[in-house]
Structures are given as structure tokens and as C-alpha cells.
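Geometric and topological summary
Here's the letter readout for the chains.
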Amino acid sequence: AINNVKIRSLKPSFDEILPKNDISFIYQQANSDNNKNNNINIHSAIPYFAQPKIYIHTSNLYQPPFNYWNHDSALVALPNGDLLAIWFSCWEEIGRESTIVQSRLKAGTNQWEPATVLYNTPDRMENAPALWFDKQTSRLHFFHGVSAATTWGNLIIVQKISTDFGYTWSPSRIIFEEHGLRHQPVTNIIITSNNHLILPCDNNTKENGYVTGTALHISKDRGETWDQGYHPKMDILGRHGAIVELKNKSIYAIGRQADFNHNCAASISHDEGKTWSYFKSPFPRTVSRQRHVLLRLNEGAILWAGLTNDGIEITDQCGKTMIMYGLYVGYSEDETLTWQFRLLTDDNTDGKIFQTMNGEMFVMHWNSSEPVGYLSIQQDQHGIIHMLSSRLHYSFNYAWVKQRPPCFHQQIIKMK
């Protein structure tokens, strides 16, 4: 029967790689005098923005398990200073050749390692990887969807756990075994103030007259058991939903392709996803080949990152406004009531060519940034915000986000 498909890990045994309960040498390596942490401890009051760099390095883009379509990255910042990224590589998203691959930026280095295979279920389409590090238990959780054959409409959800920062993994465990919808994980996993772990998943149906939605799966014991069979009548409006818990314990969410007058629809729930209210958000609509994120920062503010083809109004240091395009960030210090935005671009790099999704080229300007990409975001223990698009790794801090960009007329003068 289809529901009894066996899930096989490529790494069923890891005892020979690392002592199971001894990871002290990893911390020692990260803190060695010979290794300067790549997550450098920038003073929180000093704006910091690093020029973006490519994190996807594969040995052969046209030979399995690596293919030209590298998509849907998930990112985690680990306590030893490493950054770990995973994504799926395929020829087509619904294809059986898809493979979950990984890359690591080790503490003390500036170059992402070449990609290696993390997980490959034979002859099954798999996608939508997600990562979450439990600071309380020091366990790293990996989730993703595995199809009965092809397409994302008949997925189960598989979970693996690492106790050594992703160097080795537990055997796979199926946590949602019925093949079907609502099982396509989204990277924006959160742990709430009452210690409920929330895993958002795409629900690609037209229930209640809406085109797409995002469902929430909830674990009340930090990933050991899950809300099997819980299906509320309402979901987050729009797929690829980004979520954040507000200080009043409500869940605030923004989905894609569910618009209010060309802006993203906002969804809010006061009962952990059982019911939702919907309204217009301040964010320009997110469209195909784009995915946005939300993050509660260590500083207490809420961070938004998204991409816009329609443009976003940005205010400069002189108080002037201008419509800008591409990848941008915003912050709210009053629980989403008001937002301030700026373009995610290097103020000192104008006209430089970068790669975006699938190696396509774009030109970064002071008034336009990366046009497409699926975003994943983390803040490390030093306060540096790390964000992946579908090709690039961005690093910046909250002080940079809050700093308004240089006066636009000065930038225009530079161009002449």
C-alpha cells in the first residue's frame, strides 16, 4: 500500500563519525584562537552589512544528485558558530529525482562548503526542508515532505534529529503518515511562549473559496508528538506563510498569493490557529518565485524580509521618500502596528552583478536589489542576522536595519 512506503536514510548509523554525547571538540574548534568566528561579534550599536556571497556550491549541476534547480533553502545558526543550510536539488519540482542536500559555513571560515547529500528517498519526490534548533535540549530538528511518487499533493512529513549540530542524524521518523495535503513544511518554524512548537505547512487547496493557505501543525512536547488529525476550518491566507508570536500570544502571519489590493494578506489568530481574522498588511504582494519571512529578534523587535515587483516606499536620512524594488527588510517595535523599511543592498556597491535563483544574473543598485528568491532567516548568538535567498547569503545586524539609507540625491549625484 502507498501509505506503507519505507523511508530510508542515507546515514542510518553515525556512531563511527562522532561519539554520540561528546561534542565538546566542536565548541573548542569554534572558539580556537586560530579561528575567527565567521559570525563576528559586531557591536550592536554599529551598523553592519556584509557583501552577499554565494552559498550553493555543487560539483556538477547536471548530474544527479545535483541538478540545475536548487531551491527552497532552510537555514539554522548553531551554538558552535556554524551555519547549516539545506535545500532540494532537482530537474523539476515534482520529479522523483529530487534530493535534499546540505552545505555548512564553519565557524572561522568565509566560504560555504561544497554541497553534499543529506537525504534521498529512492524514486520519490521530496521537498520543503525545514530546520529548527531547540536551545533548551540542544537538539537540531530536520523536517521535510516525501511524496508517494511525484508531486507535492501527496506528501508525508519525515523528521530526523541531530545531537551534534547536524554532523550525524537519527533514523527517520514519519510524523504525519497519511499522504496528502497540509504536509509541505515551511521554514518559518517557531516555539511559542508556552513551549508549543509550530510547524507551518502549505495547504494547496481551494477550501472556503481561498486559492491557497498555510496550515499549522503543533507539538506540545517540543517535537516528540504532533497534533494528528487536527484540521481547523480556516488557515492562514496564502501559501508559504511566515509566522511570529506576538507578545499577547497571538499568532501573526503573512502568506503569499492571497492579496488585498496588491498587498499581502495578514492573518491573526488568538487561539493558536483554530480561528483566524484577515486584513490588509503594509507589505507589497509577494508573487511566484518569491518567499518572505518573519523573525522575532533578540532585541525584541519583529523583522520582516520580502521581495517586491510593485515597489516599496523607502525614506532616506534626509527625510525624502522613493519607491524601490527587489529584496527589502522592515522592522516593527510595536508588535506589527507600524513598520519602517529599507532596501537590502550595499550602499557602497552600485552596479555590481550578482547571481540569483538558478544562477540568473541581476545588477545590485542603491535603489534595486535581488528580484527573486525563497528566503530563510536566522539570528546568531552574536546578534548577526543571516538570511539566505535562493543563491546568496546576506549578513547584517539590527543597527543596520534601523539606519536609514544615505540621502537619495547624493546617490543620484554619484551616478552622474
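Everything below is about the structure printed above this text.
Now for a look at the structure at hand. (Residues numbered from 1 in each chain as written. Predicted model: local features only at pLDDT ≥ 70, side-chain atom pairs only at ≥ 80, totals over all residues. Heavy atoms only, no water.)

1. Re the state of the cysteines
The full count for this structure, using the stated rule, is 1 disulfide. What pairs with C318 in a disulfide is C407, and their sulfur atoms sit 1.8 Å apart. Taking the torsion about the S-S bond as the criterion, the C318 to C407 disulfide, at about 90 degrees, is right-handed. Remark: C407 occurs in the loop between α2 (398-402) and α3 (408-415) and C318 occurs in the loop between β21 (302-315) and β22 (321-332); sequence separation between them is 89 residues. (Disulfide = S-S within 2.5 Å. Helix = DSSP H or I, 4+ residues; strand = E, 2+ residues; numbered from the N terminus.)

2. Observations concerning the sheet that holds strand β27 (residues 376-379)
Taken in spatial order, the 4 strands of this open sheet run β1-β29-β28-β27, and their pairing is antiparallel. Unpaired on one side and paired on the other, β1 (49-54) and β27 mark the two borders of the sheet. Between one strand axis and the next, the sheet turns through 15 degrees on average, direction left out of account. As judged from the 4 bridges shared by β27 and strand β28 (residues 385-388), these two strands associate in the antiparallel manner. Pairing of Q379 across the sheet is with I385, part of β28. (Pairing = 2+ DSSP bridges. Axes fitted to C-alpha atoms, helices over the stretch in contact; angles between N-to-C directions.)

3. A word on the environment of Q378
When you line up the elements, Q378 lands in strand β27. Discounting chain neighbours no more than four positions away, the residues touching Q378 are L75, V76, A77, L295, I384, I385 and H386. In this structure the side chain of Q378 is engaged in a polar contact, spanning 3.1 Å, whose partner is the backbone nitrogen of A77. (Contact = heavy atoms within 4.5 Å. Polar contact = N/O pair within 3.5 Å; in protein donor to acceptor, adjacent residues only side chain to side chain.)

4. Some details on the sheet that holds strand β20 (residues 293-296)
An order of β20-β21-β22-β23 is seen for the 4 strands of this open sheet, with the pairing classed as antiparallel. Two strands close off the open sheet at either side, each with one partner strand: β20 and β23 (340-343). Taken over all neighbouring pairs, the strand axes of this sheet differ in orientation by 35 degrees on average, direction set aside. As judged from the 4 bridges shared by β22 and β23, these two strands associate in the antiparallel manner. Paired with Y331 across the strands is Q340, a residue of β23.

5. Section: the nonpolar core
The biggest cluster of nonpolar side chains holds 25 residues, and the ones touching the most others in it are L303, V329, L344, M387, Y394, F396 and V401. Mapped onto this core, the elements with two or more residues apiece are β20, β21, β22, β25 (361-364), β28, β29 (392-396) and α2. Beyond its immediate chain neighbours, meaning those up to four positions away, F396 contacts Y48, F49, V329, L344, G383, I384, I385, M387 and V401. If you look at the next biggest cluster of nonpolar residues, it comprises 23 residues, including I100, Y119, L131 and F133. (Core = buried A, V, L, I, M, F, W, Y, C linked by side-chain atoms within 4.5 Å. Buried < 20%, exposed > 50% of the residue type's maximum accessible area, 1.4 Å probe, protein only.)

6. What to know about the pattern of salt bridges
A complete count under the given rule lists 13 salt bridges for this structure. Taking the shortest distance from any N to any O, the salt bridge between R222 and D134 comes out at 2.7 Å. Remark: D134 occurs in strand β6 (residues 126-134) and R222 occurs in the loop between β13 (213-219) and β14 (236-237); sequence separation between them is 88 residues. We note a salt bridge from E224 to R139, for which the minimum N-O separation is 2.4 Å. One end of the pair, E224, is in the loop between β13 and β14; the other, R139, is in strand β7 (residues 139-147), and 85 residues separate them in sequence. The class of R139 is partly exposed, set by a relative accessible area of 21%. (Salt bridge = Lys/Arg side-chain N within 4 Å of Asp/Glu carboxyl O.)

7. Comments concerning a nonpolar patch on the surface
Judged by side-chain polarity, I353, M361 and V363 come together as a nonpolar surface patch covering roughly 300 Å² of accessible area. When you line up the elements, M361 lands in strand β25. (Patch = residues over 30% accessible without salt bridge, like charges linked within 9 Å, V, L, I, M, F, W, Y side chains within 5 Å. Areas by Shrake-Rupley, 256 points an atom, 1.4 Å probe, with all protein chains shown as cover.)

8. What about the packing of aromatic side chains?
Scanning the model with the defined rule gives 20 aromatic pairs in all. Here a set of aromatic residues connected by ring pairs shows up, and it is made of F283, W304, Y328, W339 and F341. Here the basic side chain of R104 rests over the ring of Y167, its NZ or CZ set 3.9 Å away from the ring centre. Sitting over the face of the ring of W400, R342 holds its NZ or CZ atom 3.8 Å from the ring centroid. (Phe/Tyr/Trp six-rings, centres within 6.5 Å; stacked < 30°, edge-to-face > 60°. Lys NZ or Arg CZ within 6 Å of the ring centre and 35° of its normal.)

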